[in-house]
Amino acid sequence: MNREPSELFEDVEESKALFHIHKLQNMCNEVRKQNGDDHMHNFYTITWIKEGEAIHATKYVEYTLRKNSILFVPPGLMHRFISNAHCTGYSITFNEAFFAVKENGEDSVSDSTLFSNPDFRSIITLDEKQQIVFKGITELMEKEFENDDRYRHEMLLQQLKLFLWNQEEFMKCSTIWM
């Protein structure tokens, strides 16, 4: 089942929550073209380049994302993302409402240094061990995203938190942080 982000939750409480995960290699050419133009989102984006290369550029900086790099883009950042059909990996998008629905606002992803840090570093490169960990978490999210059971939101939220927590820990220990 291929879901649109707006179709994720049916409960009134969750109606403004957004979560989506998709494979980069499944993006159509039209979406690739749109991403190559300057744009911004009202949601968070995590992009994992598993194979190939892509370019992420803002007004101030341009990065080349290579194999096993993960990019964190906060809402409201004017940027462009250029990839080709040979680029594989995942894009995970979510908003603050998704993160806060079951948490009563106690946790906020906006507090994460992954999306907001004083050095404007937004890319992490994974080593082999970390690739295995993140592959497992991403595959769980992808599987759960297609699931229709009543615990779906909670499972996706916890998997997303696990993904982000592992990234935060890696960032603290890493010298491979751009």
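Okay, so let's go over this structure. (Residues numbered from 1 in each chain as written. Predicted model: local features only at pLDDT ≥ 70, side-chain atom pairs only at ≥ 80, totals over all residues. Heavy atoms only, no water.)

### Some remarks on the sheet that holds strand 6 (residues 80–83)
Point 1. As summarised here, the arrangement of the three strands in space is 4-3-6, forming an open sheet in which the pairing is antiparallel. Of all strands in the sheet, those bounded by a partner on one side alone are strand 4 (62–65) and strand 6. Averaged over all pairs of adjacent strands, the angle between strand axes in this sheet comes to 15°, irrespective of strand direction.
Point 2. Pairing geometry for strand 3 (residues 54–57) and strand 6, over four bridges, is antiparallel. Directly across from His 56, in strand 6, lies its bridge partner Phe 81. (Pairing = 2+ DSSP bridges. Helix = DSSP H or I, 4+ residues; strand = E, 2+ residues; numbered from the N terminus. Axes fitted to C-alpha atoms, helices over the stretch in contact; angles between N-to-C directions.)

### As for the side chain of Gln 167
Point 1. Examined against the element boundaries, Gln 167 turns out to sit in helix 4 (residues 152–173).
Point 2. The buried category is assigned to Gln 167, whose relative accessible area is 0%.
Point 3. Those residues in contact with Gln 167 that sit more than four places away from it in its chain are Ile 70, Phe 72, Leu 114, Ile 124, Leu 126 and Phe 134. (Buried < 20%, exposed > 50% of the residue type's maximum accessible area, 1.4 Å probe, protein only. Contact = heavy atoms within 4.5 Å.)

### A closer look at the pattern of salt bridges
Point 1. This model, assessed by the stated rule, comprises six salt bridges.
Point 2. Between Asp 38 and Arg 80 there is a salt bridge, with the nearest N and O atoms lying 3.4 Å from each other. Of the two residues, Asp 38 sits in the loop between helix 1 (29–36) and strand 2 (44–51) while Arg 80 sits in strand 6, which places them 42 residues apart along the sequence.
Point 3. Residue classification places Arg 80 among the partly exposed positions, given a relative accessible area of 25%.
Point 4. Salt-bridge contacts for Arg 80 lead to Glu 62; the nearest nitrogen and oxygen are separated by 3.7 Å. Linking Arg 80 in strand 6 with Glu 62 in strand 4, this pair joins segments that are 18 residues apart in sequence.
Point 5. Where salt bridges share partners, they join Asp 38, Glu 62 and Arg 80 into one cluster. (Salt bridge = Lys/Arg side-chain N within 4 Å of Asp/Glu carboxyl O.)

### Observations regarding the packing of aromatic side chains
Point 1. Scanning the entire structure with this criterion turns up five aromatic pairs.
Point 2. Between Phe 19 and Phe 98 the ring centres are 5.0 Å apart and the planes differ by 35°, which places this aromatic pair in the tilted class. On the criterion of sequence distance, the pair formed by Phe 19 in strand 1 (residues 19–23) and Phe 98 in helix 2 (residues 96–100) is long-range, its members being 79 residues apart.
Point 3. Exposure remark for Phe 19: the relative accessible area of 0% places this residue in the buried category.
Point 4. Plain terms: the ring middles of Tyr 44 and Phe 94 are 5.3 Å apart, the flat faces sit at 15° to each other, and that makes the pair stacked. Here Phe 94 lies in strand 7 (residues 88–94) and Tyr 44 lies in strand 2, a separation of 50 residues in the sequence. Residue Tyr 44 shares its accessibility class with Phe 94, and that shared class is buried.
Point 5. Taken together, the aromatic side chains of Phe 19, Phe 98 and Phe 145 make up a single cluster linked through ring pairs. (Phe/Tyr/Trp six-rings, centres within 6.5 Å; stacked < 30°, edge-to-face > 60°.)

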